[in-house]
Amino acid sequence: MAQKRMVVVNCIESKLSGLFHWHGRLLSKYPLPYFLWPLIMTAILGAGLMYLKDDSDREAAYTPEHGPAKLHRDIVTELFPMNDNGNFLPSRQSKAGYYARVIIMAKDKESSVLQDDILKEARKMHDDIVNMTVTYESEIMSQTFKYNDLCGRWNTDCIENVIFRVMDYVRSTPWYERVQLTYPFAPSPTGHPVFIGNSLGGVRIMGEDVVRSAKALQLVYYLRSSDGADAEPSKAWEKALMEYLEKYQSDKLSFTYYTSQTLDSELAKSIEGIVPRFAITFCVIIIFSVICCSSFDCVTSKPWLGLLGVLTAAMAILSAMGLLGFCKVDFINAVASMPFLILGIGVDNMFIMIAAWRRSPAYMSVEDRMAQTFKEAAMSITITSVTDVLAFCVGAISDFPGVRIFCLYTGLAIIFGYIYQITFFGACLSEFGKLEARNVHWATCKKVLAPEEAPNTLYRVFCAGGLSDSNPKASYPEHMAAKFFRKYYGPFLTKTWVKGLIVLSFLAYLGFAVWGCLKLQRGIKLKNTVPDDSYASTFLDLEEEYFTRYGIPVSVTVYQHAEYWEAEVQRNISKTLQQIEDTEFFHDRKFTQSWLQDYLLYLNQTGRRADIMGKDNFVRVLQNEFLNIPGFDRYKADIRFGNDAIIASRFLVLAENANSANTQREMMLDIRRIAETSHVPMFAYHPAFIFYDQYVEILPSTLQTMGIAAASMLLVSLLLIPHPACSIWVTFAVIFISTGVIGFMSHWGISLDAISMINLIICIGFSVDFSAHITYAFVVSREETMNKRAIDALHALGMPILQGALSTILGIVALSSSDAYTFRTFFKMNFLAIGFGAVFAVVFLPTFLTFFGPKMPDRKDSSKGSKDGDDTSEDSIMAIKLANAAPQLECEKVMYLPQISVV
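From a predicted model like this one, the values you see are computed outputs, not experimental measurements. (Residues numbered from 1 in each chain as written. Predicted model: local features only at pLDDT ≥ 70, side-chain atom pairs only at ≥ 80, totals over all residues. Heavy atoms only, no water.)

**Digging into the overall build of the protein chain**
In plain terms, the rule: Under the scheme used here, helices are H or I runs from DSSP no shorter than 4 residues and strands are E runs no shorter than 2 residues, and both carry numbers assigned from the N terminus. Three labels apply to residues, based on accessible area from a 1.4 Å probe with only protein chains included: buried if under 20% of the type maximum, exposed if over 50%, partly exposed otherwise in between. Contact between two residues is taken to exist if any of their heavy atoms lie within 4.5 Å; hydrogens are not considered. Only the protein chains shown count as covering a residue, and every accessible area follows the Shrake-Rupley method with a 1.4 Å probe.
Scanning the protein chain from terminus to terminus reveals 28 helices and 21 strands. Out of the 903 residues in the protein chain, the part that is buried amounts to 56%. Contacts in the protein chain between residues at least 24 apart in sequence constitute 77% of all its contacts with a sequence separation of at least 6. In the structure as shown, the protein chain presents an accessible area of about 38,500 Å², 58% of it carried by carbon and sulfur atoms.

**Notes on the pattern of salt bridges**
Quick reminder of the rule: Every case where a carboxyl oxygen of Asp or Glu lies within 4 Å of a side-chain nitrogen of Lys or Arg is listed as a salt bridge.
Considering all chains together, one arrives at 23 salt bridges under this definition. A salt bridge links Asp638 to Arg92, with the nearest nitrogen and oxygen atoms 2.7 Å apart. With Asp638 in the loop between helix 21 (615–624) and strand 18 (639–642) and Arg92 in the loop between strand 3 (85–86) and strand 4 (98–106), this pair connects stretches of sequence that are 546 residues apart. Arg92 shares its class with Asp638; the two are buried. A salt bridge links Glu784 to Lys788, with the shortest nitrogen-to-oxygen separation between them at 3.9 Å. In this structure, a network of salt bridges that share partners links the residues Arg25, Glu367 and Asp368.

**Things to note about the environment of Pro187**
Considering the arrangement of structural elements, one finds Pro187 in the loop between strand 9 (185–186) and strand 10 (194–195). Overall, Pro187 belongs to the buried group, its relative accessible area being 19%. Considered as a pair, Pro187 and Val166 are 21 residues apart in the sequence and their alpha carbons are 6.7 Å apart.

**Quick look at the confidence of the model for the protein chain**
The condition that has to hold: pLDDT: the predictor's confidence for each residue, scored from 0 to 100.
Of all residues in the protein chain, 89% have pLDDT values of 70 or greater, and the mean over the chain is 82. Of all the helices and strands in the protein chain, strand 21 (residues 894–898) carries the lowest mean pLDDT, 28, while strand 20 (residues 682–685) carries the highest, 95. Note on residues 857–903: pLDDT is under 50 here. Beyond four places in sequence and across chains, it has 89 contacts.

**Looking at the sheet that holds strand 7 (residues 153–154)**
The condition that has to hold: Two strands make a pair as long as DSSP finds a minimum of two bridges between them.
Across the sheet, which stays open at both edges, the 3 strands sit in the order 3-7-8 with mixed pairing between neighbours. Two strands lie at the open edges of the sheet, namely strand 3 and strand 8 (157–158), each paired on one side alone.

**Concerning unusual backbone geometry**
Omega for the peptide link from Tyr183 to Pro184 comes to 10°, which places this bond in the cis form. Its location among the elements puts Pro184 in the loop between helix 7 (162–172) and strand 9. Residue Asn155 is not a glycine yet carries a positive backbone phi of 60°. Along the polypeptide, Asn155 turns up in the loop between strand 7 and strand 8. Judged by relative accessible area, Asn155 falls into the partly exposed class, the value being 43%.

**A closer look at the packing of aromatic side chains**
The description of an aromatic ring pair uses the distance of the two centres, along with the angle that the planes make with each other. Rules: Any two rings among Phe, Tyr and Trp, with Trp reduced to its six-membered ring, count as a pair given centres within 6.5 Å; such a pair is stacked if its planes are under 30 degrees apart, edge-to-face if over 60, and tilted if neither.
Counting across every chain of the model gives 56 aromatic pairs. Consider the rings of Phe689 and Tyr692, whose centres lie 5.8 Å apart with planes at 40°: the pair is tilted. Pair noted here: Phe689 and Tyr692 are both in helix 23 (residues 689–720), with a separation of 3 residues, about one helical turn. When its relative accessible area of 7% is taken as the criterion, Tyr692 is described as buried. Aromatic side chains Phe840 and Phe844 sit 5.7 Å apart centroid to centroid with 70° between the ring planes, which places their arrangement in the edge-to-face category. Of this pair, Phe840 and Phe844 both sit in helix 27 (residues 821–852), separated by 4 residues, roughly a single helical turn. Here Phe840 and Phe844 have matching classes, each one buried. Clustering of aromatic rings is evident, with ring pairs tying together Phe506, Tyr509, Phe512, Trp515, Phe732, Phe736, Phe744, Phe836, Phe840, Phe844 and Phe848.

**Concerning the sheet that holds strand 15 (residues 253–259)**
What the 4 strands build is an open sheet, ordered 11-14-4-15; its pairing is antiparallel. Two strands lie at the open edges of the sheet, namely strand 11 (200–201) and strand 15, each paired on one side alone. Pairing analysis gives 7 bridges linking strand 4 to strand 15, with the strands arranged antiparallel. Bridging across to strand 15, Ala106 finds its partner in Leu253.

**Things to note about helix 18 (residues 535–546)**
Our working definition: Under the convention used throughout, the expected extent of a helix is 1.5 Å for every residue step, that is, one less than its residue count. Think of a polar contact as two N or O atoms within 3.5 Å of one another; within protein, one of them needs to be a possible hydrogen donor and the other a possible acceptor, and neighboring residues in sequence only count if both atoms come from side chains.
Given a rise of 1.5 Å per residue, 12 residues ought to cover 16 Å, and the 17 Å separating the end C-alpha atoms of helix 18 matches this to within 8%. Within the sequence span of helix 18, burial applies to Tyr535, Ala536, Ser537, Phe539, Leu540, Leu542, Glu543 and Tyr546. Two or three places before Ala536, at the opening of helix 18, Ser534 has a side-chain oxygen 3.0 Å from that residue's backbone nitrogen.

**Notes on the state of the cysteines**
Which entries qualify depends on this criterion: Count a disulfide wherever a pair of cysteine sulfur atoms falls within 2.5 Å.
As enumerated under the stated definition, the model contains 1 disulfide in all. The partner cysteine of Cys151 in its disulfide is Cys158, sulfur to sulfur 1.8 Å. Disulfide Cys151 to Cys158: torsion about the S-S bond roughly -60°, handedness left-handed. Note on Cys151: relative accessible area 0%, which makes it buried.

**Let's talk about a nonpolar patch on the surface**
To keep it simple, the criterion reads: Patch rule: a residue counts if its relative accessible area is over 30% and it has no salt bridge; like charges are joined within 9 Å, and nonpolar side chains (Val, Leu, Ile, Met, Phe, Trp, Tyr) within 5 Å.
A cluster of nonpolar side chains, contributed by Leu32, Phe35, Leu36, Leu39, Ile40 and Ile44, occupies part of the molecular surface with about 530 Å² of accessible area. Positionally, Leu36 belongs in helix 2 (residues 31–46). Overall, the relative accessible area of 38% leaves Leu36 in the partly exposed class.

**Quick notes on the environment of Cys151**
With respect to the helices and strands, the residue Cys151 is situated in the loop between helix 6 (147–150) and strand 7. Once the C-alpha coordinates of Cys151 and Asp84 are considered, the two residues, 67 residues apart in sequence, prove to be 8.2 Å apart. The residues contacting Cys151, other than those within four sequence positions of it, are Asp84, Cys158, Tyr222, Leu223 and Arg224.

**Quick word on the packing of helix 19 (residues 567–581) against helix 22 (residues 661–676)**
Applicable threshold: With axes taken as lines fitted to C-alpha atoms, and helix axes fitted only over the stretch in contact, angles between N-to-C directions fall between 0 and 180 degrees. Throughout, the term roughly parallel applies to angles under 35 degrees, roughly antiparallel to angles over 145, roughly perpendicular to angles from 65 to 115, and oblique to all others. Working rule for handedness: look at the near helix, and if it is turned counterclockwise from the far one by less than a right angle, call the crossing left-handed; if clockwise, right-handed. In this count, Pro and Cys sit with the nonpolar residues alongside Ala, Val, Leu, Ile, Met, Phe, Trp and Tyr, while Asp, Glu, Lys and Arg are called charged and the others, Gly among them, polar.
Put simply, helix 19 and helix 22 touch, their axes get as near as 10 Å, and they point 165° apart. If you check the angle between helix 19 and helix 22, you find them roughly antiparallel. Judged by the twist between their axes, the crossing of helix 19 over helix 22 is right-handed. Side by side, helix 19 and helix 22 meet where Thr576, Gln579 and Ile580 of the first sit next to Ile671, Ile674 and Ala675 of the second. Its residues assigned to classes, the contact of helix 19 with helix 22 shows 4 nonpolar, 2 polar and no charged.

**Observations regarding the side chain of Ser199**
When you line up the elements, Ser199 lands in the loop between strand 10 and strand 11. Those residues in contact with Ser199, other than ones at most four positions away along the chain, are Ile163, Ala216, Leu217, Gln218 and Phe547.

**With respect to the nonpolar core**
Applied cut-off: What we call a nonpolar core is a set of buried Ala, Val, Leu, Ile, Met, Phe, Trp, Tyr and Cys residues that are connected through their side-chain atoms within 4.5 Å.
Within the largest apolar cluster, 145 residues are counted, with the highest numbers of intra-cluster contacts made by Met338, Phe406, Tyr409 and Val741. Once residues lying within four places of it in the same chain are set aside, the contact partners of Tyr409 are Leu52, Ala320, Met321, Leu324, Val329, Asp330, Phe331, Val335 and Met338. Formed by 74 residues, the second largest nonpolar core is a distinct cluster that contains Tyr98, Met132, Tyr136 and Tyr221.

**Quick look at the packing of helix 11 (residues 303–326) against helix 14 (residues 401–437)**
Relative orientation of the contacting elements helix 11 and helix 14 amounts to 145°, with a least axis distance of 8 Å. In terms of crossing hand, the pair formed by helix 11 and helix 14 is right-handed. Class assignment for the residues of the contact of helix 11 with helix 14 results in 21 nonpolar, 5 polar and no charged.

**Let's talk about the pairing of strand 18**
Summarising the sheet, strand 18 and strand 19 (residues 645–656) pair through 4 bridges and their orientation is antiparallel. If you follow Gly642 over to strand 19, its bridge partner there is Ala645. Connecting strand 18 to the next strand, strand 19, in antiparallel fashion are 2 residues, including Asn643 with a positive phi near 55°.

**Brief notes about the environment of Asp348**
With respect to the element layout, Asp348 can be found in helix 12 (residues 338–359). Here Asp348 falls in the buried class, since its relative accessible area comes to 4%. Each C-alpha atom of the pair Asp348 and Ile381 lies 9.4 Å from the other, and the pair is 33 residues apart in sequence. Dropping the residues within four chain positions of it, Asp348 is found in contact with Phe770, Pro800, Gly804 and Ser807.

As structure tokens, this is what we get:
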């Protein structure tokens, strides 16, 4: 007598399964609309590619949109507007304008740049640059100009490279009163020492700061940009300078350069190098897919489906990019790696579909096989697509615009890929299924004999295939890879001692990953945004080696009214500056530029004590006397007057050796903390803080994004996978795989930045993809023991998971040889995510499910079905019928079915 058992039918899963069952049958009956409308949609949306706008602005893409530095920049710009044609001081800039920088060294690398012959040629290069004539053609008129026509000016003079004036003065003094060149403050003809810390690098000192030699000389040229009319001519001058330096030849000098346009132009070049790599990848994926879809059976072999599967992914890429082109969404360089990823994901879904088709009984009609295929595969694809899109939706709320843009492009491409997979590719699969049902050859489309009916060996090898008409209940031979997982790998994995080794391996993996997480670096270096072979990379290396001892001048801004004439306010400001100078990140007081300190010293020297001066006299003497003295007039840029009062003011402190991401982050946080805790309302700012903010924001932003994504994965899994325990295991897989990727990316020399944050979001998707496939197969398995259910899940999906992992790796492997950090990081992190995801799905997760997976009710008698892939037993046929009928049953209703467990 048949035993009865209770089965709980999950509402959402059963309804969706029934919908896909109906969809597969309908698609098989009417394939033409499903085949044509995706092609038409792709053609229409693809036209939007012509509207894509490349916006490779590093600041806009890879810095937090609402970082404190951007708010501070707006305040500084409003309080201290700068006219770079008369009121320009580089140290007071609130944002970087147009500029060019040249680092010069001796040809032999060992000689000092201060040698007469080398310095003479450097001076000649400088004169040529300054006197270079540039023509700018606009729509209205043609302009010819030199550097002096466009230079940033203080009063009426261009901001000069003072090192030449200093050297001329030093060498012009007579021998009996020889003036020595000192560093970092050098003597000048005016009698006031000038700062040359950022003009000379690799300096060797002897005695009292006397320069003995220097390895490098830096020349800087500032151009006007505050007036919109000067912007394009300034760009034209920079371009002319780069062309001049590219052609410049010297036997004595070696040099490199960098301009305000370098970063954007080099980012654009890195994208150009991706196009041939994508073409190669596209061809490799096609070849791989065709091979995987082929077999020795000339009827069941479907190489054309491999090509159409890749075409499906390509259609999704074109549709997504075209639609966002129509919507005027910016295209950033990181998005150029998206097509490589989508190719892999699309091909992965194709393998799941084809594997489900192969598992459907061959004696069934094409409509029934398509219904069965969609019921099984489309549900699994839906789970992974929903979780992938959800992960990118979470990423789309990031405060980093570059992350948002990438997630928008990739998420939309996954949506189109899913739609085209269950329509266009499904229609193609149905049509090739009809050819298979007619027993026709995959290449000639002619009906052929079954292998056992072949008249000779040659016919059997090249022409025979399919099933014989004399045996309608026969089934196709089991695929070799599927047989390997069922007969060898699965039983080996479920041995007790193997499980123990796997648990120990997992603990070692987790420990190594956690160790890597603890030593993770944060932030992206400027050098990593340009190609390795770029001239900019050489410049940034030399800059880091020779010109980081005297770092950025940070402004400490008093942004509200303060009673500067009061002794208490003066003491509070002095105390705050002293606290900053006493930290490890800033130079001492002689490098600080404080108008208040110099003004108080001036008042004492002139016999007017500041502590007895009232507001009116304090402001009047400051504005009418002190700020008009040569040498102190630069402080006009640091004080904002209004209504006979000081509205705001600022002080400059000089950073020291802030040449690493961690040092820059700590330096910024320290000075912000000191300024914000002062009794006088202050904040600290420098334009570089815009980029340093990413070092602070990237970790909490990443953790928040990954936390929300993991919670979302749990929710989706609970809704779509018909057992809560397995939903929890999918979520654990996300956590463990993400931890592994973060830890091992640290071991691989990758920092946590906006680029790696994008890839961590992708990692969440891959973590869910592979794990959800195996978990879902484990839950719906009809086997009676935990070990057998794990083997059954591996038998069903082990091969397509490995095929999908390999196809995705092949899709991104071309990026490993890229000379751009962005694309190499994309390869490294996705390689880790795919590798760990696949290992977790086929090694760790099946093992853990045998321990903690949902238990099946006890069976006194069970029908195990046929062996070796034969699914023709009476109970199996009943299972198929019940499975097809299950969606029509009431949700969460307790059912009693004879012997067969149906979900």
